[in-house]
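# Breakdown of the fold
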Amino acid sequence: MNISHFSIRRPVLTFVSMVIVILLGAVSLLNIPMKLIPDIQPPVGVVVATYPGAGPTEVLEKVTKPLESSLATLPGLKTMTSTSQEGSTLILLQFSWTTVIDDIQNDVMQRIDQAPLPDDVSKPRFLKFDPSQFPVIQLTLTTEKEHEQLKTLAQQLKAELAKTEGVASVNVSGTFTKHVRVVVDPNKLQTYRLSQQDVVNFISANNVSLPGETVVIDDRQLSTRILSTVQSVDELKNLVLLIDPMTNKRVRLQDVASVELVPDEQQTITRTNEKPSVLMSVLQKADANTAEVSTAFQKQLDKLLKKEQFQDVHVDILFDQGEFIQRTIRNIAQSLVLGGAFAMAVLFVFLRNIKSPIIIGIAIPYSVIVTFVLMYFSDFTLNIMTLGGLALGIGMLVDNSIVVIENISRHLAMGKDPKEAAKDGVSEIGSAIVASTLTSVAVFIPVLFITGLIGDLFTEFALTIAFSLLASLFVALTVVPMLASRWLRPRRRYREEARLTSAPMRALERSVRWSLRHRFVVLLLAFGLLGAGVFSLTTVGMQFLPNADEGFFSIRVQTDDGASLQATERVVAAIEHELKRVDDIDTYVSLIGSTQEQSFRGTTQSNVAEIYVKMKPKDKRDRSVFVVVDELKSPVQQAVKKVNKTAEVSFNLQASTGSAPNTLTFSVKDTDEKRLKEVVSQIEKRLTSLKQVQEVSTDLSETVDEIQVKIDREKALQHGLTPAQVAIAAQQMTRGMTATRIIDASANVYDVNVQYDDRENHSVEHIKKLLVKKPDGTFVKLGDIASVSVGKSPVRIQRIDEQSAVQFTVKYKSSVTLGDISALVDREIAKLDLPAETDIVFSGDRELLESSIDDLALAFGLAVTFVYLVMAAQFESFKHPFIIMFTIPLMIVGIAGGLLLTQTPVSVMVIIGGIVLAGIVVNNAIVLVSYMNQLRARGERDIIVTAVKLRLRPILMTALTTILGLLPLAFGFGDGAEFNQPMAITVIGGLISSTFLTLFVIPIVYSFTLSRKFYIQK
């Protein structure tokens, strides 16, 4: 190899090149961002429109359906899900993964503009999915002081923490705000012939600040502003509404209403470990480094908490993605270092000298550094996929160097001087390691063509391994020969003949010769093992991605529609009591009256709550989060039933990859709403009876009681009123109105809300007595021009792809796999013999798994094809690569054994491991067949046994370094290790079986191309 000979001749130049690359690698590593997973941009968008005052049915008919009809023609649209509720509609658009959401945005806006909507509907907005909209840090603040003081301190902390580098915003829930409440007296309004709207207009008219035209005075151009501002509650009380023409008395606001500054009505309750608290969520900038943001935020927080004003504030970190990333990456980096150490130990055991492992010890970090340079210029991040690729490749990194240095050592044992041994050793093996590296790299080419979530996750993984392998090839052909020619010396006491005649070698020779004499028996045995392996794979189950214990879960609570905040709080208190009894739980935060998603939108809902539970660190607890959730469900459900028999409780485990562990979701669609409800009821009963299922929930909307005011047009007309005037008046009297906003001397901003006393509209009879002002200034009771009664109304209306639909969420035990539960659900649904008009559409992890299997099967087929073609080009033969390909089926035996032994289900990570293996397992056969060809070209006899004996050491060394290098990942210690663990188990198992069987199966297959004189000893 010319490049090897050049590096041996020019050691100084080679060394200088190494230093330059190391410097570039150090700079690259410092500038590569650190994230948990590669950037994922799901092609998902939401269209939101508001229709004030409209009920769910009206919103559906007048807003949702026209928008759905227009949006349905969008290119690449996969699924359209709509939710119509009071006053608003939300349409979720899911596009195919090949769709770039930015490219489709203009088409979406165009379709929205084409939809015929009522004039009262606000212009619909299109919102893209953005991962930066999710918090990277969540923490709670508690104190022994009054709750109002805590909320004030939280606002002060928020202002300071928002200045942290990389932080986009800090959201605080449960904060303390006030407003000016103006409660009008209906009798006094009637006395002075005033309506609620008149009061609002007067207040608004007295609080103005308007710009005027610029004027020139004494050659100076000045702007003008017309002011009449209200700056205090007292000033507001004394506003003159009118002057009584009979008495000339001024009627002030305080004469017809009570005016006071009051706290906003408590619509949510936040508490941590049952103590009142404030929840703080931190959002990072889109291009920020999560780990750096976390570190900077923690430093700023610690600095602020040392100040006197915040010394009584206690902080509990609920979730810190940056810290989790750092722990995960630190864990994988440790696995990488351990793998390198194991590789060096293997080399020392086989070659029995200290210098060879040192050379390999230099080659490993140098290869990794070269990989960092390539990652930096490819705009990759340090995440569990790229570092997992490096950890997976750590054993493979040294394969080329081991083969080279082993062969150089063999030539040294023949008595050659170091330079000659280095040249001859690398020349003899150079073409084989080039071929083996290119075949390993070739398997990753098809992965680049996989689209969707899997493509986004694994592109950086595949390219990182490819980069590391190419770097290791470069190191093996340049740095290793140069160092070997300078450091290694002939070992007089050790002779190659002694090694080849040792007891293990004689045993191997006898085994190979027996196999060659009984070729069909060995092949039959190999096929039997292969069949057993394939069968075993069907027994371990299937899942999409491995379940990772991130030490976090949430509990969602929903009471009856219309239930009060206090009723929901009682249910949450019962759950908190159960959580308090679990030693493995560190912190739990209850958000009552809202969810995290709703708090970001600024909405509340008194009948919902969400509890966020943080577990203790993994090294301080004995149970996984999945076991804890499984064991908690029953006592929590029982505790809740004692407090509220109809309350629904749902446990949620959300992974950082976006998948939902132990959850199966599907939708039932039908054009007939009555038939849909019947089918949903049947399916729910069937699934609830399954012992593997822990929870079945649907989003089937129930009706809720509401007070309905139906206007009598004829009676309204007799009093000079239109239905719209009556409706607006009734709405204002029941909901209140915001008249204006005042700013006091301390720059505090308060809304001024004008409303009736709550006692005036707390029953149907009271609402009937509300007075509506007529055009002539007199009043009429609402009950005289409208009927007021209690009726039923849907809370929300769900549709999927323009059909009525209900979504099922099935939570199953952690001991059951996605494949098992999918088969059970399919079987139960099939028994129901559903109508042909009813469609079942699976989503979530099952949909992703099914689509991924097709993509990965194609990728595996292409990978095997590319491996064969690369070898054919290298060998200049179609026959010998075909022989080598027999190693690929042999890996299935070890894969099945590894998964069965560890009870690991088949997942996307296992299949990716299989694709990686396709490029690894052929390497041993390449080295073996390549040397057989060389011996055959020299005209030697007994070439098969000779090649097996001479190539056994490098084959075992390369296999062991890869296997031992993956052991830390396979044991799955530390945070985030579960993600790469199945892949490591797959590669270890497949490599063990293929390495062992290659020593016998490949010689047998190769023997079919030879006459007996080349492999049968006389």
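To start, this report covers the structure provided alongside it. Quick caveat, the model's predicted, so the values are computed rather than measured.

Before going further, it helps to spend a moment on the overall build of the chain. Secondary structure summary: the chain contains 34 helices and 33 strands in total. With the C-alpha coordinates aligned to their principal axes, the bounding extent of the chain is approximately 135 × 80 × 55 Å. Within the chain, the fraction of its 1018 residues that count as buried is 53%. The contacts of the chain with a sequence gap of at least 6 include a subset with a gap of at least 24, amounting to 79%.

Scanning the entire structure with this criterion turns up 24 salt bridges. Measuring nitrogen to oxygen at the nearest pair gives 3.1 Å for the salt bridge that ties Arg513 to Glu509. In this pair, Arg513 and Glu509 are both assigned in helix H18 (residues 503–517), 4 residues apart and thus about one turn of the helix distant. Residue Arg513 shares its accessibility class with Glu509, and that shared class is buried. A salt bridge links Arg686 to Glu828; the nearest nitrogen and oxygen atoms lie 3.4 Å apart. Residue Arg686 is located in helix H23 (residues 673–688), and its partner Glu828 is located in helix H28 (residues 818–832); the two are separated by 142 residues in the primary sequence. On the accessibility criterion, Arg686 (30% relative accessible area) is partly exposed. Through salt bridges that share partners, Arg271, Glu569 and Glu576 make up one connected network.

Judged by side-chain charge, Asp672, Glu673, Glu678 and Glu837 come together as a negatively charged surface patch. For Glu837, the position within the fold is in the loop between H28 and strand S33 (839–843). Overall, Glu837 belongs to the partly exposed group, its relative accessible area being 43%.

Further remarks concern the packing of aromatic side chains. In the structure shown here, the tally under the stated rule is 10 aromatic pairs. On the basis of an interplanar angle of 20° and a centroid distance of 6.5 Å, the ring pair of Phe552 and Tyr612 is categorised as stacked. Placement of the pair is Phe552 in strand S19 (residues 552–558) and Tyr612 in strand S21 (residues 608–615), with a sequence separation of 60 residues. What links up through ring pairs into an aromatic cluster is the set Phe666, Phe808 and Phe842. Stacked on the ring of Phe842, the Lys or Arg Arg846 has its end atom at 3.6 Å from the ring centre.

A few words on the nonpolar core. Counting 134 residues, the largest nonpolar core has Phe458, Phe461, Phe666, Ile683, Ile821 and Ile912 as the members making the most contacts within it. Mapping this core onto the domain boundaries places at least three of its residues in each of domain 2 (353–493) and domain 3 (502–546 + 844–1017). When near neighbours in sequence (up to four residues on either side) are disregarded, Ile821 contacts Leu664, Gln692, Val693, Tyr812 and Val816. Val256, Val726, Ala739 and Leu782 belong to the second-largest nonpolar core, a separate cluster that totals 39 residues.

Glancing now at a positive patch on the surface. A surface patch of like charges, here positive, comprises Arg9, Arg10, Lys419, Lys423 and Arg486. With respect to the helices and strands, Lys419 occurs in helix H14 (residues 418–442).

Let us now look at the sheet that holds strand S22 (residues 648–652). Across the sheet, 6 strands lie side by side as S16-S15-S20-S21-S19-S22; this open sheet has antiparallel pairing. Each end of this open sheet is capped by a strand with a single partner; those strands are strand S16 (275–276) and S22. With 5 bridges joining them, S19 and S22 adopt antiparallel strand pairing. Note on S22: the bridge partner recorded for Ser554 is Asn652.

Strands sit in the order S14-S7-S27-S26 across an open sheet of 4 strands; the sheet is mixed. Only two strands of the sheet have a single neighbouring strand rather than two, namely strand S14 (257–263) and strand S26 (737–743). Going from strand to strand, the sheet's axes swing by 25° on average, the running direction of each strand aside. In the packing of helix H7 (residues 196–206) onto the sheet, contacts are made with strand S7 (178–184), S26 and strand S27 (749–756), and the angle to S26 comes to roughly 20°.

Compared with an ideal rise of 1.5 Å per residue, which puts 21 residues at 30 Å, helix H2 (residues 11–31) spans 31 Å between its outermost C-alpha atoms and is within 8% of the ideal. Within H2, burial applies to Pro11, Thr14, Met18, Gly25 and Ser28. Along the axis of H2, the buried residues cluster in a sector spanning 105°; they form a single face. Exposed residues pointing more than 90 degrees away from the buried face of H2 are listed as Val12, Leu23, Val27 and Leu30. In the core, the buried residues of H2 are packed alongside helix H1 (2–9), helix H12 (355–377) and helix H16 (479–487).

The next thing to look at is the packing of H2 against H12. Two elements in contact, H2 and H12, have axes separated by 8 Å at closest approach and are oriented at 55°. Comparing their axes, H12 and H2 come out oblique. In the packing of H2 onto H12, the handedness of the crossing is left-handed. Contacts from Ser17, Met18, Val21, Ile22, Leu24, Gly25, Ser28, Leu29 and Asn31 in H2 reach Ile362, Tyr366, Ile369, Val370, Phe372, Val373 and Tyr376 in H12.

The next thing to look at is unusual backbone geometry. Of note, the phi angle at Asn273 is positive, near 50°, even though the residue is not glycine. Along the polypeptide, Asn273 turns up in the loop between strand S15 (269–272) and S16. At Asp801, a residue that is not glycine, the phi angle is positive and equals roughly 50°.

Side chains of Val12, Phe15, Val16, Val19, Ile20, Leu23 and Leu24 sit close together on the surface and give an oily, nonpolar patch of about 640 Å² of accessible area. Within the element layout of this structure, Val16 appears in helix H2.

Turning to the packing of H23 against H28, a few remarks are in order. Remark: H23 packs on H28, axes separated minimally by 10 Å, with the N-to-C direction vectors making an angle of 135°. Overall, the two elements H23 and H28 adopt an arrangement that is oblique. Where H23 crosses over H28, the two elements pack in a sense that is right-handed. Contacts from Gln682, Ile683, Arg686 and Leu687 of H23 reach H28 at Val825, Glu828, Lys831 and Leu832. For the contact of H23 with H28, the residue count by class is 4 nonpolar, 1 polar and 3 charged.

Before going further, it helps to spend a moment on the environment of Thr57. Position of Thr57 relative to the elements: it lies in helix H3 (residues 56–71). Remark: the alpha-carbon pair of Thr57 and Thr247, spanning 190 residues in sequence, is separated by 52 Å.

Rules of the game
- Residues numbered from 1 in each chain as written.
- Predicted model: local features only at pLDDT ≥ 70, side-chain atom pairs only at ≥ 80, totals over all residues.
- Heavy atoms only, no water.
- Helix = DSSP H or I, 4+ residues; strand = E, 2+ residues; numbered from the N terminus.
- Buried < 20%, exposed > 50% of the residue type's maximum accessible area, 1.4 Å probe, protein only.
- Contact = heavy atoms within 4.5 Å.
- Salt bridge = Lys/Arg side-chain N within 4 Å of Asp/Glu carboxyl O.
- Patch = residues over 30% accessible without salt bridge, like charges linked within 9 Å, V, L, I, M, F, W, Y side chains within 5 Å.
- Areas by Shrake-Rupley, 256 points an atom, 1.4 Å probe, with all protein chains shown as cover.
- Lys, Arg positive; Asp, Glu negative; His and termini not counted.
- Charge placed at Lys NZ, Arg CZ, Asp CG, Glu CD.
- Phe/Tyr/Trp six-rings, centres within 6.5 Å; stacked < 30°, edge-to-face > 60°.
- Lys NZ or Arg CZ within 6 Å of the ring centre and 35° of its normal.
- Core = buried A, V, L, I, M, F, W, Y, C linked by side-chain atoms within 4.5 Å.
- Domains from an automatic or database assignment.
- Pairing = 2+ DSSP bridges.
- Axes fitted to C-alpha atoms, helices over the stretch in contact; angles between N-to-C directions.
- Expected span 1.5 Å × (residues − 1).
- Arc of directions from axis to C-beta.
- Parallel < 35°, antiparallel > 145°, perpendicular 65-115°, else oblique.
- Left-handed = near helix turned anticlockwise from the far one by under 90°.
- Nonpolar A, V, L, I, M, F, W, Y, C, P; charged D, E, K, R; others polar.

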